[in-house]
Every structure is written in structure tokens, then in C-alpha cells.
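Now for the letters of each chain:
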Amino acid sequence: MTDTDRTAAAATAGEKTGFRLGSGPGRVLVWFYGVFTVAAASRSIVQMALDFGRAPLAYVLSAVAALVYGFITYSLVRGGERARRTALVCCAAELAGVLIVGTWTLVEPSAFADSTVWSYLGRDYLFIPVILPVTGMIWLRRAKSA
């Protein structure tokens with residue numbers, strides 16, 4: 001069996017293949033997603049611990065964002081076709097969350113008692129939450145052909 005055959009068999013089985021999602025430009029994505037995992041998790045933990053009753057939906061949404069960011073980070077580091085596809089789905093879900101929550105907070109600012117990571121399309125985070133999933137999806141689509 002040649003190396004190409006082994007790579008194809010590994011991709012079919014969902015194992016790591018020759019390309020690394022977290023290398024090259026993907027390394028920048030790993031860094032951003034790692035930082036956002038810590039930022040969103042820290043924010044939600046502190047908010048839930050100090051004053052959960054004030055804005056439970058907002059704080060839970062920030063925790064969900066942290067979980068999504070963490071899972072994408074893990075997938076980028078792990079590599080392989082299965083991780084790439086899973087990260088692509090998570091990036092699409094993240095973008096949907098940012099657009100839904102961001103639009104909701106723009107249309108009805110009083111909808112949340114406190115802001116989330118995704119409020120106002122990520123304004124509190126320099127709009128990176130709306131840019132990051134688009135960039136991630138572009139990288140993950142490009143990595144498919146690698």
C-alpha cells in the first residue's frame with residue numbers, strides 16, 4: 001500500500017490525514033479561537049458566579065460561545081478530515097449564533113439585560129466574533145483540497 005492509499009484509507013476511517021488544520025494560517029486561527037475560548041469562558045463563569053439571576057440567557061449564551069470556540073480549537077489542533085468537517089459545521093453554527101444574537105441586540109437592545117460575546121455582532125470584541133467563523137470556514141474549505 002502506497003502512502004497515498006494509506007492517507008485515503010485514513011481519511012475514510014476519519015483518522016488524521018497528511019494535512020494539518022492548525023499549521024500555517026491555521027495556526028493563527030488556533031490562537032484566536034484559543035484566546036476566545038478563554039475570554040468567553042472567563043466572562044461567562046464570572047458573570048454566572050456573581051449575578052446569574054440578572055441576565056441568565058446572556059450568560060448562558062456566552063458559555064455556549066466558549067464551548068463552540070473550544071471545540072473548534074480542539075478540531076483545528078487535532079486535524080484530519082473528520083475534525084475538519086466537524087469544525088466547519090461548528091463555524092457555521094457559530095456564525096449563525098453571532099448573526100442571530102447580534103441582529104437581535106441591534107433591533108431590540110433591551111432584549112438582554114447584559115451583553116453576550118455575540119451581542120452587537122461582537123462589538124465588545126472588535127467584531128472578531130463575526131469575522132472569525134467566516135475566516136475559519138474559508139480555511140477549512142481550503143484545507144479540504146490539501
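Residues numbered from 1 in each chain as written. Predicted model: local features only at pLDDT ≥ 70, side-chain atom pairs only at ≥ 80, totals over all residues. Heavy atoms only, no water.

## Describing the packing of aromatic side chains
So the rule is basically this: A pair of aromatic rings is counted whenever rings of Phe, Tyr or Trp (Trp by its six-membered ring) have centres within 6.5 Å, and the orientation is called stacked for planes under 30 degrees apart, edge-to-face for over 60 and tilted otherwise. Between buried and exposed lies partly exposed: a residue is buried under 20% and exposed over 50% of the maximum accessible area for its type, with that area taken using a 1.4 Å probe on protein chains only. A run of H or I in DSSP counts as a helix once it spans at least four residues, and a run of E counts as a strand once it spans at least two, with each numbered from the N terminus.
One pass over the full model with this rule turns up six aromatic pairs. For the pair Trp31 and Phe32, a centre-to-centre distance of 5.0 Å together with 85 degrees between the ring planes defines the contact as edge-to-face. Looking at Phe32, the relative accessible area reads 26%, which means it is partly exposed. For the pair Phe36 and Tyr125, a centre-to-centre distance of 5.6 Å together with 50 degrees between the ring planes defines the contact as tilted. Placement of the pair is Phe36 in helix α2 (residues 25-51) and Tyr125 in the loop between α4 (81-107) and α5 (128-144), with a sequence separation of 89 residues.

## A word on the side chain of Ser115
Keep this limit in mind: Any N or O atom pair separated by 3.5 Å or less is treated as a polar contact, with the protein-specific requirement of one donor-capable and one acceptor-capable atom, and with residues adjacent in sequence counted only for side-chain atom pairs. In this analysis, two residues are considered to be in contact whenever any of their non-hydrogen atoms come within 4.5 Å of each other.
Among the secondary structure elements, Ser115 is positioned in the loop between α4 and α5. Residue classification places Ser115 among the buried residues on the basis of a relative accessible area of 16%. At 2.6 Å, the side chain of Ser115 and the side chain of Arg43 are in polar contact. One polar contact links Ser115 to Asp124, side chain to side chain, over a distance of 3.2 Å. Ignoring sequence-local partners within four residues, the contact set of Ser115 consists of Arg43, Gln47, Ala58 and Asp124.

## Quick word on the confidence of the model for the protein chain
Stated precisely, the cut-off is as follows: As a per-residue measure, pLDDT reflects the predictor's confidence and takes values from 0 up to 100.
Summarising the model, the protein chain shows a mean pLDDT of 86, and 86% of its residues fall at 70 or more. Long-range and interchain partners of residues 2-7, a stretch whose pLDDT sits below 50, account for three contacts in this model, where long-range means more than four residues apart.

## Digging into the environment of Gly26
Along the chain, the position of Gly26 falls in helix α2. A relative accessible area of 0% places Gly26 in the buried class. Distance from Gly26 to Thr135, taken between C-alpha atoms, is 9.8 Å for residues 109 residues apart in sequence.

## Regarding the packing of α2 against α5
Heads up, the condition is: An axis is simply a line fitted to the C-alpha atoms; with a helix, the fit covers only the stretch in contact. Between two such axes, the angle follows the N-to-C directions and lies from 0 to 180 degrees. By definition, any crossing whose near helix is turned counterclockwise from its far helix by less than a right angle is left-handed, and any crossing with a clockwise turn is right-handed. Ten residues, namely Ala, Val, Leu, Ile, Met, Phe, Trp, Tyr, Cys and Pro, are considered nonpolar, four, namely Asp, Glu, Lys and Arg, are considered charged, and the remaining ones, Gly among them, are considered polar.
Between α2 and α5, the least distance of the axes is 11 Å, while the angle of their chain directions is 145 degrees. Judged by the twist between their axes, the crossing of α2 over α5 is left-handed. Together, Pro25, Gly26, Leu29, Phe32, Tyr33 and Phe36 of α2 and Ile128, Pro129, Leu132, Pro133, Thr135, Gly136 and Trp139 of α5 make up the contact between the two elements. Grouping the constituent residues of the contact of α2 with α5 by class yields 10 nonpolar, three polar and no charged.

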